[in-house]
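This is what each chain is made of:
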Amino acid sequence: MDLQLPMTAAALAQRFNGRLVGDGHREVCAVSALEHAGAGDLAFYQQKRFSETVRDLKDAVLLTTEELLVANEALTFVLVSNPQRIFGEVAATFNWYPRGDQRVDPLAKVEASAQVSPDVSVGAFSYVGNGSRIGKGTRILPHCYIGDDVQIGEDCIVFPRVVLNARVSIGNRVHIFSGTVVGSDGFGFLPTEAGLRAVPQIGTVEICDDVRIGANCTIDRATLGATRIGPGTKIDNLVHVGHNCQIGSHCILCAGTGLAGSVILEDEVILGGQVGLGDHVRVGRGAQIGSQGGTTTNLKGNQTYWGTPAVPVKESLSTFRFMKKLPDIWRRLARLESRLGEEPT
Amino acid sequence: MDLQLPMTAAALAQRFNGRLVGDGHREVCAVSALEHAGAGDLAFYQQKRFSETVRDLKDAVLLTTEELLVANEALTFVLVSNPQRIFGEVAATFNWYPRGDQRVDPLAKVEASAQVSPDVSVGAFSYVGNGSRIGKGTRILPHCYIGDDVQIGEDCIVFPRVVLNARVSIGNRVHIFSGTVVGSDGFGFLPTEAGLRAVPQIGTVEICDDVRIGANCTIDRATLGATRIGPGTKIDNLVHVGHNCQIGSHCILCAGTGLAGSVILEDEVILGGQVGLGDHVRVGRGAQIGSQGGTTTNLKGNQTYWGTPAVPVKESLSTFRFMKKLPDIWRRLARLESRLGEEPT
Amino acid sequence: MDLQLPMTAAALAQRFNGRLVGDGHREVCAVSALEHAGAGDLAFYQQKRFSETVRDLKDAVLLTTEELLVANEALTFVLVSNPQRIFGEVAATFNWYPRGDQRVDPLAKVEASAQVSPDVSVGAFSYVGNGSRIGKGTRILPHCYIGDDVQIGEDCIVFPRVVLNARVSIGNRVHIFSGTVVGSDGFGFLPTEAGLRAVPQIGTVEICDDVRIGANCTIDRATLGATRIGPGTKIDNLVHVGHNCQIGSHCILCAGTGLAGSVILEDEVILGGQVGLGDHVRVGRGAQIGSQGGTTTNLKGNQTYWGTPAVPVKESLSTFRFMKKLPDIWRRLARLESRLGEEPT
């Protein structure tokens, strides 16, 4: 089942049910971007606009489709229906993820009442608190802090230096990259005579199956109940998710984006980089917000928005176009006034 | 003094000098948001608009005021003057904060000349440098790095994986959440023939009593003197405070906000999320800046601002309204021109 | 060669080839901002507008130029051609950087096949993976995670709690501040029937000589090839650099800025705080983008830009000026219409 490089172009074609065109003995040792592909490299070619690039290459093995096959005898082709996906499978053999030791490192500290499945990895200098449970196949890499009563499912990767605070719950096949903090206090205060006083944040965070959270993010726990990130949602780096947010399934949140408290994203919402959403905003299914956009009001689904405040992108582009014409508007207005003898007061 | 759940509604009423209405034997085991409250739960009801919700509930114990008492025999009420505050006190018994062991963990490293009060907790894999002093009742949780000559007051909580670099000073009852870095270098360079050369950042950071700093923030040390965060100020996640900033007391900085160097916030300033303030900007007492706002010029106190550049919110809302009318303005201007036989050049 | 305080003003003048004016026996024990300078302090005075401040000082030693010499007998002056740079050299003796022990701390874990030069420091609770190489004079401070096959040059400082993931490459004299994560996965997905599937990110990160990266940044590895940060570039805190970005030499990126994937910054580009650049954007040599600016299109070099979308700053300032006049435009347009008997439809 496992792919092992080097392998010949012929073996690759057989493995992925592709058609071989060219020298089947050519060996694949590495993967490469199309423009840098040379001897020993596998690359993929899936868009016609790169045909010139392909014509200039030699010695490489190329994954492409029947339709895109190019006459270049210096190349070997493996014709498949989805070149990029097959390329991804081969590329994955070069994955950098630390494999873990499938044991608790002697330099880790796991509290007595934690339940760690036998094949779990807990890396050096990692801490696992009382009452926490870690499912089979999961890798806790070095320097992680897992508080008390944390639930982690199966086949997760918790990269070095992640904090999962007490009571948070993580599904299966979740990847959390370095520096991310899950389950820190939400940001809520009551004014008192003695200054601001924190509202106790005693809820939790629930991260569903197949979620991916990038590096240095912060996902705050709910005041009551749970901040929730739905199945399959992918979050980039340096993203903030406030307390009680409810993020649907298969959403995409790009780097630097921030969600205040109790934001609701329905399924398949896409937020560009550095987007900001105010408290209690609801964004409808399939909506997209362009980078640096922001809103404090609800947005309907299946539309693309941009700007602060975010409006449908057609509208905001039109506004930007007209804003450039303001000097012109000003001049023309003054001309009309002067012609009509108006005082421009 | 300490609250211990479960307790009966009657005991709760007595404890907080409230009036009991309904079944005093009913037990409170947990706290809940109003809409989910059921058997064993305590919830609070403080706003009339939720009266419908209250009518539909049963089995729960509700904290509310005399004025808001609702006829619902399926509920037990405890009538107090400030339901939310009392609720907070009960909720706090479910606090997730790691308690610490009131000792130095055998897996921590504390340098010989550090002075750690007897009841201080220093968690596993935490480091405390030479000459540092930690006041009584303070918890340094696992994975923290406390550099040399750091001062930390009493009853602080330094959550897992905080960095407090050399010489910074932390007051009493300060909470610093995971991933935050205090006392890293300010960002200042001099151009030289050999490229940019760092200006030595040899000042420090002074964090006053009752400050709260969220997760993954960066508070840079001053070039000379001290970056200062005044008493009672609350900072959310992923906030950047540049070198030499002077933040007053009881300010609120929401997530993703960034202050360049030498910014001055007077007392009680509130900054929304993703706000950006340029070098040397001064913001007057009680001013508020809406999310994603930005300015490079000073702002007077006791006003609300929005936009980039930030202007009084009334003004910016008016501008936004007129921006939407730009297509209309354009059309009407052209019509006038055409009527007057003007060429729209 | 090393500077040792305290030293007399006379010794200081001799050391830096300066001219002494005043009492050469006066001792310098510390450095100070000009306005706070007193007995025992060294300060510098390089801009005429602070002459009033200088007139009021006493007891301090001042670095200034021949041209700026002020008549103040209570001060001692050392006249040099570049006061700020000399001041910086003296200030650097107060540097807070942890010195390291020039050895592997017994509480660190260095894998067997890592190659660590004899004088390298590896701090407590730091981890160094298999096949990694660390050049002489480099300090790996506590709590760092260095993955497998990482290359680190000479005389680097890797501050506490940095993550350098597998295979990344760091040049000489590089400073990386706490909390920064280098070589995490780029953010790229393919839609499949089973939801979004991560594109393998198997490239690396190359950080060149004399680069400085602030705290809590994220520098993602390339999909293929390398994300690259050119020599001498300086990066502030909380900056995100996406996969495959190519950053030139001597660039400056201020706090909170985010670069999506495959962004190209030519040399000497300056980005203000919270700037956002979209996928594949190219910014020309010497271009500057003001804080909170953003663009998804290429920008030519040697110009200053501002706004979202970013335009030449002159243009954006003009637009902002006219935006403030919109209410006025509206009113005047309506007046013309009414005078001409137009219906304002």
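It should be emphasised that the depicted structure is a prediction, and the values quoted were computed from it without experimental measurement. (Residues numbered from 1 in each chain as written. Chains lettered and ligands numbered in written order. Predicted model: local features only at pLDDT ≥ 70, side-chain atom pairs only at ≥ 80, totals over all residues. Heavy atoms only, no water.)

Peer 1: Hey, could you go over helix α3 (residues 83–91) of chain C for me, with residue numbers and the actual values?
Peer 2: Listing the buried residues of α3 of chain C in full gives P83, I86, F87, G88, V90 and A91 of chain C. Residues of α3 of chain C that are buried sit in contact with α1 (9–15), β4 (30–31), β5 (41–44) and β6 (61–64) of chain C. (Buried < 20%, exposed > 50% of the residue type's maximum accessible area, 1.4 Å probe, protein only. Helix = DSSP H or I, 4+ residues; strand = E, 2+ residues; numbered from the N terminus. Contact = heavy atoms within 4.5 Å.)

Peer 1: Talk me through the domain arrangement of chain A; I want residue IDs and the actual numbers.
Peer 2: Looking at the assigned domains, one finds that chain A contains domain 1 (7–94) and domain 2 (109–315). When each unit is reduced to the centre of its C-alpha atoms, the spacing between domain 1 of chain A and domain 2 of chain A is 39 Å. (Domains from an automatic or database assignment.)

Peer 1: A description of unusual backbone geometry should follow, citing residues and the corresponding values.
Peer 2: The linkage connecting L5 of chain A with the following residue, P6 of chain A, adopts the cis geometry, with an omega of -5°. Secondary-structure assignment places P6 of chain A in the segment before β1 (7–8). One non-glycine residue, D149 of chain C, lies in positive phi territory at about 55°. As for its position among the elements, D149 of chain C is in the loop between β14 (145–146) and β15 (151–152). We classify D149 of chain C as partly exposed; its relative accessible area is 40%. Of note, the phi angle at H250 of chain C is positive, near 55°, even though the residue is not glycine. Locating H250 of chain C in the fold gives a position in the loop between β29 (246–247) and β30 (252–253). Take H250 of chain C: its relative accessible area is 30%, and that puts it in the partly exposed class.

Peer 1: If you had to explain the sheet that holds strand β9 (residues 115–116) of chain A to someone new, which residues and values would you point to?
Peer 2: All names here are of chain A. Spatially, the nine strands line up as an open sheet ordered β9-β12-β15-β18-β23-β26-β29-β32-β35, and their pairing is parallel. Among the strands making up the open sheet, the edge pair consists of β9 and β35 (282–283). In this structure, strand β23 (residues 204–207) lies alongside strand β26 (residues 226–229), joined through four bridges in parallel fashion. Bridge pairing links E206 to R228 in β26. (Pairing = 2+ DSSP bridges.)

Peer 1: Any details on the interface of chain A and chain C? Residues and values, ideally.
Peer 2: By convention, interface size is frequently given as the accessible area that disappears when the constituent parts associate. Tallying the contact residues gives 59 residues for chain A and 69 residues for chain C. It is W96, R161 and W330 of chain A in chain A that bury the most area against chain C; as a group they hold 16% of the surface buried on that side. At the junction of chain A and chain C, the tally comes to four salt bridges. For D105 of chain A, the salt bridge identified is with K109 of chain C, shortest N-O distance 2.6 Å. Linking chain A to chain C there are 23 residue pairs in polar contact (both at pLDDT 80 or more). (Buried area = accessible area lost by both parts, 1.4 Å probe. Salt bridge = Lys/Arg side-chain N within 4 Å of Asp/Glu carboxyl O. Polar contact = N/O pair within 3.5 Å; in protein donor to acceptor, adjacent residues only side chain to side chain.)

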